[in-house]
Amino acid sequence: MITIKSHKEIELMRQAGRIVAGAHALVGKLIRPGITTLELDRAVEKYIKDADAIPTFKGYGGFPKSICASVNEEVVHGIPGKRKLLEGDIISVDIGATYQGYVGDAAVTHGVGAISDEAQKLIDVTRESFFKGIAYAREGYRLSDISNAVQTYVEENGFSVVRDYVGHGVGKKMHEDPPIPNYGLEGHGPRLRQGMTLAIEPMVNVGTYEVVVLDNDWTVVTTDGKLSSHYEHTILITGNGEPELLTVI
Ligand code: MG
């Protein structure tokens, strides 16, 4: 069941979203060659706790850390650790914060120092595919209109869309209905309504869309070892056309 949020709930989600956005801004400043993914995790955890919020991911399904840090061929759910970032890497950072019972969820992929033209194009196309998708995040459109717009833009640019992981409704829980694929035909699924809060999150690969989970039971990687990128915001379907991005400052 897709929940419609009240004004009060939406205000709490805005506050959760601002905390997530602030944590992402912090990560953006910290990322450089030589820093470990664990250092990023610790900084974000402190930032979220200092904002009187809870790192949503820590303990979720047993996930051990506060952020997901997925480097290069890692798609999502990378576990922060001692790995040092190297010049030329790309890193997808996914952050969730729960504030007074409501969740904000957003992901950004960064280049570490100077990166290849292909890596930069991947990051740019992934981000832009999100905005192509949310052009349809308006009352009256159907959910798969977003999915189709993401897939079309990604494939026009020669990349592929991950099938095995999808976006989701978000609110009191991180994963609520509906699941939101980043692929599919337009004109299907529920009609979008004011008060829905959705995490739209294209995961885009340079090569095949096929992915596999590593032996740590978490980290998802591309089967061909090529790069992957992720971009996500929590958005609100509004009554005035434009969606509101909740995870931006
Ligand atoms: Mg998400």
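Residues numbered from 1 in each chain as written. Predicted model: local features only at pLDDT ≥ 70, side-chain atom pairs only at ≥ 80, totals over all residues. Heavy atoms only, no water.

### What about the UniProt feature "binding site: a divalent metal cation 2" (unreviewed entry) in the protein chain?
UniProt records the feature "binding site: a divalent metal cation 2" (unreviewed entry) at Asp-105, His-168, Glu-201 and Glu-232, using the numbering of this structure. In terms of the greatest pairwise C-alpha distance, the residues named above, spread along 128 residues, form a tight cluster of at most 10.6 Å across. Among the structural elements, Asp-105 can be located in strand 5 (residues 102–111). Overall, Asp-105 belongs to the buried group, its relative accessible area being 2%. Dropping the residues within four chain positions of it, Asp-105 is found in contact with Val-20, Phe-57, Asp-94, Ile-95, Gly-96, His-168, Met-174, Ala-199, Glu-232, His-233, Thr-234 and Thr-247. One polar contact links Asp-105 to His-168, side chain to side chain, over a distance of 3.1 Å. (UniProt positions renumbered as here; feature names shortened; annotations may be inferred. Helix = DSSP H or I, 4+ residues; strand = E, 2+ residues; numbered from the N terminus. Buried < 20%, exposed > 50% of the residue type's maximum accessible area, 1.4 Å probe, protein only. Contact = heavy atoms within 4.5 Å. Polar contact = N/O pair within 3.5 Å; in protein donor to acceptor, adjacent residues only side chain to side chain.)

### Focus: the environment of Leu-246
For Leu-246, the location among the structural elements is in the segment after strand 15 (244–245). Given the relative accessible area of 3%, Leu-246 is considered buried. Between the C-alpha atom of Leu-246 and that of Ile-235, which follows or precedes it by 11 residues, the distance is 5.4 Å. Not counting the four nearest positions on each side in its chain, Leu-246 is found in contact with Met-13, Arg-14, Gly-17, Arg-18, Thr-197, Thr-234, Ile-235 and Leu-236.

### Here we look at the UniProt feature "domain: Peptidase M24" (unreviewed entry) in the protein chain
Mapped onto this structure's residue numbering, the UniProt feature "domain: Peptidase M24" (unreviewed entry) falls at residues 11–238. Overall, residues 11–238 shows 29% helix and 26% strand. The separation of its end C-alpha atoms is 13 Å.

### A look at the pairing of strand 4 (residues 90–99)
Most of strand 4 is tucked away, with 10 of its 10 residues classed as buried. Here strand 4 shows no split at all, with Ile-90, Ser-92, Asp-94, Gly-96 and Thr-98 on one side and Ile-91, Val-93, Ile-95, Ala-97 and Tyr-99 on the other all buried. In this sheet, strand 4 lies alongside strand 1 (residues 54–55) in antiparallel orientation, the contact comprising two bridges. Bridging across to strand 4, Pro-55 finds its partner in Ala-97. With five bridges joining them, strand 2 (residues 67–71) and strand 4 adopt antiparallel strand pairing. Note on strand 4: the bridge partner recorded for Ser-70 is Ser-92. By the bridge criterion, 10 bridges tie strand 4 to strand 5 in an arrangement that is antiparallel. Following the sheet pairing, Ile-95 is matched in strand 5 by Ala-106. (Pairing = 2+ DSSP bridges.)

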